[in-house]
Amino acid sequence: MPVLRAQVTCCRCQRNVERSQTLFVGSNGTEKQYECFNCYKNKNNTVKHVDRSGEKIDLYCERCNYKFKSRTNLCPYCSKTDKVTTGNISVKDLL
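Moving on, we come to the sheet that holds strand 6 (residues 66-70). Read across the open sheet, the three strands follow the order 6-5-7; overall the sheet is antiparallel. Pairing within the sheet leaves two strands with one partner each, and these edge strands are strand 6 and strand 7 (84-86). Along the sheet, successive strands turn relative to each other by an average axial angle of 35°, direction set aside. Here five bridges tie strand 5 (residues 57-61) to strand 6, and the two strands are oriented antiparallel to one another. Bridge pairing in strand 6 links Tyr60 to Lys67.

Before going further, it helps to spend a moment on the packing of aromatic side chains. Summed over the entire model, instances satisfying the criterion amount to three aromatic pairs. Ring centres 5.6 Å apart and planes at 25° place the aromatic pair Tyr66 and Tyr77 in the stacked group. Of this pair, Tyr66 sits in strand 6 while Tyr77 sits in the loop between strand 6 and strand 7; the two residues are 11 residues apart in sequence, bridging distant segments of the chain. The class for Tyr77 is exposed, based on a relative accessible area of 62%. An aromatic cluster of at least three residues, connected via ring pairs, comprises Tyr66, Phe68 and Tyr77.

What counts and what doesn't
Residues numbered from 1 in each chain as written. Predicted model: local features only at pLDDT ≥ 70, side-chain atom pairs only at ≥ 80, totals over all residues. Heavy atoms only, no water. Pairing = 2+ DSSP bridges. Helix = DSSP H or I, 4+ residues; strand = E, 2+ residues; numbered from the N terminus. Axes fitted to C-alpha atoms, helices over the stretch in contact; angles between N-to-C directions. Phe/Tyr/Trp six-rings, centres within 6.5 Å; stacked < 30°, edge-to-face > 60°. Buried < 20%, exposed > 50% of the residue type's maximum accessible area, 1.4 Å probe, protein only.

Here it is, written out as structure tokens:
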């Protein structure tokens, strides 16, 4: 059985990569979106996932303006990870 090496465009860096070297991110209507492994690694290295001691860290979701503490970088309000950042953001910064 032949292996198809279909080329898709990464939704972050806009490079053409093989479909087998990407992750399915979602779709916007009729077009499927893929993210290459390099962009996925770079995106996930910017946010500290889990502290080794198991402590929760301060996080902020820029998509929904939600400040929370968690061990993972998944926003509990919108269930997305792409706009979550670390940092000490006060209520005055949000206003």
